[in-house]
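If you want the building blocks of each chain, they are given just below.
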Amino acid sequence: MHGRPRKSATPVDENASALKAAKIRSLQSQFLQNHHNNIYTKEAQEINAKLIESNPEFMTAWNYRKLAFEHNLSNQSEVDKEDADHIKLIIDEELRVVENALRKNFKSYGAWHHRKWVISKGNSSTERELRLLNLFQKQDTRNFHAWNYRRFIAGLKDISDEKELQFTTDMINDNFSNYSAWHNRSVLLSHLLEKKVEGYFPKEIFLKEEYELVRNAVFTDPDDQSGWFYHLWLLDQTIKVDMPNLVSSWPPNGSEITNTTFPIVLFFNEPVEGVNLQTVSVQVEDDIFKNIAWSPLSANKFKCGQAWLTHLTIPFGETNSSKIFQVKIRSEYSQGIISSNGVPCSQHWSIAFRVSVCHDFQPEGQSLRRILMTDENFSTVDINSNVMDLFKSYFELASDYEQPTSSKWKSEMIASEIDQYRELLSWAECKIGKLTLARLLMANDAIGTPVAPNTTHVEEVLKLYSELMELDPTHYQYYKDEYSLVFLKQVASSKESLMKYCRQYKESTSSNITGPMCLRLNSLSLSRIGSFERLLWVQSLDLSHNQLPSIEGLEALQLLSCLNLSHNKIGSFMALDPLRFLKSLRVLNISYNEIGAHTVDTRRYLCSSPLSHTLDYDKKFEEFAAGDEKVVNFWEAYSVFGGLDIMQLDVVGNVAADERFKLFLVKLLPALKWLDGEEVH
Amino acid sequence: MEHLRINGAYWGLTTLDILGKLAAVDQETVISWVMSCQHESGGFGGNEGHDPHLLYTLSAIQILALFNKIDTLDIEKVSNYISTLQNEDGSFSGDKWGEIDTRFSYVAICSLALLKQLDKINVEKAVKYIVSCKNLDGGFGCTPGAESHAGQIFCCIGALAITGCLHYVDKDLLGWWLCERQVKSGGLNGRPEKLPDVCYSWWVLSSLIVIDRVHWIDKEKLVKFILNCQDKENGGISDRPDDAVDVFHTYFGVAGLSLLEYPGLKAIDPAYALPVDVINRIFLH
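If you're wondering where the values come from, they're calculated on a predicted model, not measured in any experiment.

Conventions and cut-offs
Think of each chain on its own: its residues are numbered from 1, step by step along the sequence as written. Lettering of chains starts at A and numbering of ligands starts at 1, both following the order in which they are written. Note on the predicted model: pLDDT of at least 70 is required for a residue's local features to be given, and 80 or more for side-chain atom pairs to be given and counted; whole-chain, interface and lining totals, by contrast, use all residues. In computing side-chain values, all of the structure's heavy atoms are included and hydrogens and water are not. Going along the chain from the N terminus, every DSSP run of H or I of four or more residues is numbered as a helix, and every run of E of two or more is numbered as a strand. Only heavy atoms enter the contact rule, under which two residues are in contact if any of them lie within 4.5 Å. Per-residue and other accessible areas follow the Shrake-Rupley method at a 1.4 Å probe size, with only the shown protein chains counted as cover for residues. Lys and Arg are tallied as positive, Asp and Glu as negative. Neither His nor the chain termini are counted. Charged groups are reduced to one reference atom each: NZ for lysine, CZ for arginine, CG for aspartic acid, CD for glutamic acid. Simply put, the buried area is the total loss of 1.4 Å probe accessible area from both parts when two parts are fitted together. The salt bridge criterion pairs a side-chain nitrogen of Lys or Arg with a carboxyl oxygen of Asp or Glu, the two atoms within 4 Å. In the scheme used here, Gly and all other residues not listed as nonpolar or charged are polar, with Ala, Val, Leu, Ile, Met, Phe, Trp, Tyr, Cys and Pro taken as nonpolar and Asp, Glu, Lys and Arg as charged. The criterion is simple. A nonpolar core is a set of buried Ala, Val, Leu, Ile, Met, Phe, Trp, Tyr and Cys residues joined through side-chain atoms within 4.5 Å. Each residue's exposure class comes from its accessible area (1.4 Å probe, protein chains only) as a fraction of the maximum for that residue type: buried when under 20%, exposed when over 50%, partly exposed otherwise. A pair of strands counts as paired when DSSP detects no fewer than two bridges linking them. Every axis in this analysis is a line fitted to C-alpha atoms, fitted for helices over the stretch in contact. Angles between the N-to-C directions lie between 0 and 180 degrees. By the definition adopted for this analysis, an angle is roughly parallel if under 35 degrees, roughly antiparallel if over 145, roughly perpendicular if from 65 to 115, and oblique otherwise. In a left-handed crossing the near helix is turned counterclockwise from the far helix by less than a right angle, and in a right-handed crossing that turn is clockwise. Counting rule for disulfides: a pair of cysteine sulfur atoms within 2.5 Å. Per-residue confidence from the predictor is reported as pLDDT, a score between 0 and 100. As used in this structure description, the phrase polar contact means that two N or O atoms lie within 3.5 Å; if the pair is within protein, one of them must be able to donate a hydrogen and the other to accept it, and residues adjacent in sequence are counted only when both atoms belong to side chains. For this analysis, a ring pair means two rings from Phe, Tyr or Trp (six-membered ring only for Trp) whose centres lie within 6.5 Å, classed as stacked if their planes differ by under 30 degrees, edge-to-face if by over 60, and tilted for the remaining angles. The criterion for a charge sitting over a ring is simple: Lys NZ or Arg CZ within 6 Å of the ring centre, and within 35 degrees of the ring normal.

Visitor: It is not clear to me how the overall build of chain A should be interpreted in this structure. Could you clarify?
Guide: Helices and strands together make up the secondary structure of chain A, namely 22 helices and 19 strands. Seen along its three principal axes, the alpha-carbon backbone of chain A occupies a region of about 100 × 65 × 55 Å. Taking the intrachain contacts of chain A between residues at least 6 apart in sequence as the baseline, contacts between residues at least 24 apart amount to 66%. Accessible area for chain A stands at about 31,300 Å²; split by element, carbon and sulfur atoms hold 50% of it. Across chain A, the mean location of the 73 positive side-chain charges is 4 Å away from that of the 89 negative side-chain charges.

Dropping the structure here:
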């Protein structure tokens, strides 16, 4: 099936292959007869051996051999049963048949499994198996069947990890281009680290040598990928924080807010499970609230998420005067919060903020004007206004979250690597080398002070990604996405840099919907968004005129009430699935996107859907849709927008947004006042 | 290739459906032949009289799904056959002889999902086992510690997608490993430093689509590579330009082109490997 040259079949060829096929068919039907009638005579076993020789992938034939083997063992005479040699003969015969089959096709799953099955019966020699392996691994150093079998034998015969590690060293020294050897090395080193074996723990002990080993490989042949992938693993081992921790929250620690009902968002460094009443306490003044329910802001089966949400209502009673409530959110049994890798959080954290309640507050007024995010409707933010206070507090006080301390060895190791690879790039135009340098520079900034993000190398990194877009156009979009993320990291790194993109709404009556400030990230060629942990305060967001196909992560911004996504690359309603979590959303613009224009939906399995068993199919939809239920777009819109109170919606410029669909939307969204600029009646 | 005839049937029939030509075959004949491959245990063999195995069982179910005839099956019987093959650690054996491989985890999960019988197995343990096969490069192998390979990655990603567990996947890390499968010629290989092959147009591509990173490859270049692997005289697609064609690579080439939105082809679902309208019919009604 693979690697056979194309040639027209001549009549001679066709005749020959027809004869061959007829021969095999006859063998096959004889064999099947024997198999179904449990016939294990010498003749029958020979027919089987012939068949396996011609087709080692024929599973049924291997099954028969196992039955024949068991039959041979049980059919021994009493004398033979005592004779270990006789048993060995039977085993050796099987191993011979497997070896023959493997010589014909050393990738046959059936053959390798049969060998494992026979070896597991005992009575086999380790030396023999290792010799066989050496033979196959020399023939093809990348044969993963052989590597898997090697791991099986090492496990069965208790060959030490260190011995196997030496084997990979030998293979790598023989030929650097051996991804399989590097891979096995990473597996063995992880085991040794996990078992805290001396010489391999703590990890900085082996990392230095490994960096050197990899450097030899990539300096010898910078275009071979194998070493570079291994380097990425080493870098990850160097900088990664081994356990989950809290990174940011809404409301921020030390802040003061005025809503009596508000969301609380906990944002971790990675997806976690187990945020609940036992692990996190919510205290208002002296009362610990017991009716708090936390839910992860994500669509998956096992309640795991990077951002977690609950809602709190302050019971402010009948007093006429204003009152301030102290609220504390605290980790109680933090080890109950576990990462998706099973690592518990051992950090204790607490967040304290004030809720200022004024009794003569105004109910949320319904803005009668349409909200338009055009340049004329904005002005720069008055830095002396109290709009700035909440914004300031978020950045100045975020430092109170205890972060794991970075170690000196990490920064030294990375600094050394940066020097080495700068040197390599001075004489080799190597794309993965450039990418590695960009990653090293970002790592360097990341392990700096975790609180005030270090952006020393951002400019150089952005330049590297721009160069990569030209050097390796096949992977242009990968570098573009990385560029967007780094760019946003820089924007969100300080209040000064954020202020450049913040605007105030001129029209003040709208501000109870839009909030006082809008973060305007429009027209920045963004193909991807990130840094959500630093944007939890955002109420109004303009992402229009970018190149976004996805808004993954936006679900963490629970205060979002106005969102402009017009003129992007949103390809389906499922791509808007994060919006289902944004219960405060009132104004949404998704005009001029690509909804309905694609036959392939790349968000299909990353959202709440019956296909991924993360959402039940709502049978009420069929009644509701009354005739349109077969149109998938209608189901998707129903699923995503169904629970939202959107007042103003723009959908024009999407293939899916025809008249019939717009009628459906009006039916679906009872709070809708404006659709595509027209009043809804 | 008689031993995997039922796989061949699935490849051929699905290709026909993507090309809009499924009506060219006689449904009755096909279905009765498929049913003749069923073993008394409830599982299906690769051909009449062959021993049952998960790999062939999935193809049987998929073929019936194409024709909207899943109700031809004794669903209880097939589901039981599949569920008894789950092991203590959550892994699946391909058949009673015990070979364990994440391919079989995918096959079991996909089969039972199509039959709406996922609750017959311990999904949590099945997922745990798959996650234990995750490697440090973000990919997946056949068993814990095995090297990442595009075929295995497709199986693990597909299984995690169907069970709503993609949060266990580092999409950026894996996405980069997968996009680096695209070589200069525009084709995709299955692992670093290997030759491109049309079948990886399915395994790498569908994985990239499921984790939403397909925009990290050059789609146009890949379309060109697949089209270059056609035998324009006699029809069919081969693994590489100018090699011999076969139904396996024809299916993966056409399915790949469908995923790349090549005009005139029906859309195919990247996780269940069946046309989207077939999947929507099963899950959205």
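More follows now that the structure is in view.
Visitor: Would you take a moment to explain the interface of chain A and chain B for this structure?
Guide: The accessible area lost on association of the parts is a frequent measure of interface size. Each partner contributes residues to the interface: chain A has 83 residues there, and chain B has 90 residues. With both sides pooled, the region where chain A packs onto chain B buries about 7,400 Å², and carbon together with sulfur makes up 55% of that total. When the buried area of chain A at its contact with chain B is split by residue, M1, R6 and Y605 of chain A rank highest and sum to 11% of it. Linking chain A with chain B are eight salt bridges. With a closest N to O distance of 3.0 Å, E180 of chain B and K431 of chain A form a salt bridge. Within the side of chain A that touches chain B, the residues separate by chemical class into 29 nonpolar, 30 polar and 24 charged.

Visitor: Explain the environment of R422 of chain A to me, please; I cannot follow it from the model alone.
Guide: Along the polypeptide, R422 of chain A turns up in helix 14 (residues 408–427). Here the alpha-carbon distance between R422 of chain A and T436 of chain A, two residues 14 residues apart in the chain, equals 10.0 Å.

Visitor: Whenever I open this one, the nonpolar core confuses me. Can you help?
Guide: Within the largest apolar cluster, 266 residues are counted, with the highest numbers of intra-cluster contacts made by L579 and F641 of chain A. Those residues within four positions of F641 of chain A in sequence are excluded, and the remaining contacts are F573, L576, L579, L588, I590, I646, L665, L668 and L669 of chain A.

Visitor: Help me out: how do you make sense of the pairing of strand 10 (residues 350–357) of chain A in this one?
Guide: The side chains of a regular strand alternate, residue by residue, between the two faces of the sheet. Residue and element names in this part refer to chain A. Note: strand 2 (residues 256–257) against strand 10, two bridges, orientation parallel. Looking at the pairing, I257 lines up with V355 of strand 10. In this structure, strand 8 (residues 323–331) lies alongside strand 10, joined through eight bridges in antiparallel fashion. Bridge pairing in strand 10 links R330 to S350.

Visitor: Mind showing me how you'd approach the sheet that holds strand 5 (residues 287–288) of chain A here?
Guide: Hydrogen bonds along the backbone pair up the strands of a sheet, which may run parallel or antiparallel. Taking strand neighbours across the sheet as the criterion, the five strands line up as 2-10-8-4-5 (chain A) in an open arrangement whose pairing is mixed. Each edge of the open sheet is held by one strand with a lone partner, namely strand 2 and strand 5 of chain A.

Visitor: Explain the packing of helix 8 (residues 171–179) of chain B against helix 9 (residues 200–210) of chain B to me, please; I cannot follow it from the model alone.
Guide: Working note: a packed helix pair is described by the angle between its axes plus the distance between those axes. Residues and elements named next belong to chain B. Relative to each other, helix 8 and helix 9 sit at 150°, their axes nearing to 10 Å. The orientation of helix 8 relative to helix 9 falls into the category roughly antiparallel. Judged by the twist between their axes, the crossing of helix 8 over helix 9 is left-handed. Taken together, the residues of helix 9 that come into contact with helix 8 (itself represented by G175, L178 and C179) are V204, S207 and L208. By residue class, the composition of the contact of helix 8 with helix 9 is four nonpolar, two polar and no charged.

Visitor: Any chance you could explain the state of the cysteines here in plain terms?
Guide: Joining two cysteines, a disulfide is a covalent bond between their sulfur atoms. All chains considered together, the criterion is met by zero disulfides over all chains. Distance from the sulfur of C304 of chain A, which forms no disulfide, to the nearest cysteine sulfur (C165 of chain B) is 9.2 Å. Take C304 of chain A: its relative accessible area is 1%, and that puts it in the buried class. Looking at C179 of chain B, it has no disulfide partner, and the nearest cysteine sulfur is the one in C430 of chain A, 15 Å off.

Visitor: Which parts of the structure should I look at to understand the pattern of salt bridges?
Guide: For side chains of opposite charge, pairing can occur when their charged atoms come near one another. Residue and element names in this part refer to chain A. Under the criterion given, the structure shown has 45 salt bridges over all chains. Salt-bridge contacts for K408 lead to E412; the nearest nitrogen and oxygen are separated by 3.2 Å. A residue pair is termed a helical-turn pair when its members lie 3 or 4 positions apart in one helix, as K408 and E412 do in helix 14 at four residues. A salt bridge links E460 to R422; the shortest N-O distance between them is 2.8 Å. Of the two residues, E460 sits in helix 16 (residues 458–471) while R422 sits in helix 14, which places them 38 residues apart along the sequence. Given the relative accessible area of 33%, R422 is considered partly exposed.

Visitor: Explanation requested: the sheet that holds strand 19 (residues 678–679) of chain A in the structure shown.
Guide: The strand order across the open sheet built from nine strands is 11-12-13-14-15-16-17-18-19 (chain A), with neighbouring strands paired in mixed fashion. With one partner strand each, in any of the chains shown, strand 11 (378–380) and strand 19 of chain A form the two edges of the open sheet.

Visitor: Can you walk me through the confidence of the model for chain A in this structure?
Guide: The predicted coordinates of low-pLDDT regions are not to be read in fine detail. Summary statistics for chain A give a mean pLDDT of 89 and a share of 92% for residues scoring 70 or more. Model confidence for chain A, summarised as mean pLDDT per element, is weakest for helix 13 (residues 387–397) of chain A at 63 and strongest for helix 17 (residues 476–491) of chain A at 97.

Visitor: Looking at this structure, I do not really get the pairing of strand 3 (residues 261–273) of chain A. What am I missing?
Guide: All names here are of chain A. Note: strand 1 (residues 246–250) against strand 3, four bridges, orientation antiparallel. Each residue of the ladder has a partner; that of W250, found in strand 3, is V265. Sheet analysis places strand 3 next to strand 7 (residues 305–313), joined by eight bridges and oriented antiparallel. For F262, the partnering residue across the bridge sits in strand 7 and is L312. One ladder, built from two bridges, connects strand 3 with strand 9 (residues 338–339); its direction is antiparallel. From the neighbouring strand, V272 faces strand 9, where its bridge partner is S339.

Visitor: Would you explain the side chain of R65 of chain A in this entry?
Guide: Residues and elements named next belong to chain A. Position of R65 among the secondary structure elements: in helix 3 (residues 59–74). A polar contact is formed between the side chain of R65 and the side chain of N48, at a distance of 2.9 Å. Not counting chain neighbours up to four residues away, the residues in contact with R65 comprise Q45, N48, A49, I52, E94, V97 and H114.

Visitor: Could you clarify how one ought to interpret the packing of aromatic side chains in this entry?
Guide: One pair of aromatic rings is described through two measures. These are the centre distance and the angle between the planes. If you walk through the whole model with that rule in mind, you get 45 aromatic pairs over all chains. Centroid distance F219 of chain A to W427 of chain A: 5.7 Å. Interplanar angle 70°. Geometry classified as edge-to-face. Of this pair, F219 of chain A sits in helix 11 (residues 204–220) while W427 of chain A sits in helix 14, and the two are 208 residues apart along the sequence. Residue class for F219 of chain A comes out partly exposed when judged on its relative accessible area of 21%. With centroids separated by 5.7 Å and ring planes inclined at 65°, the aromatic side chains of F154 of chain B and W202 of chain B adopt a geometry described as edge-to-face. Highlighted residues: F154 of chain B in helix 7 (residues 150–162) and W202 of chain B in helix 9, separated in sequence by 48 residues. For the pair F154 of chain B and W202 of chain B, one class covers both residues: buried. In this arrangement the basic side chain of K66 of chain A is found over the ring face of W117 of chain A, its NZ or CZ atom lying 5.7 Å from the centre. For K116 of chain A, the ring lying beneath its charged end belongs to F152 of chain A, and the centroid distance is 5.5 Å.

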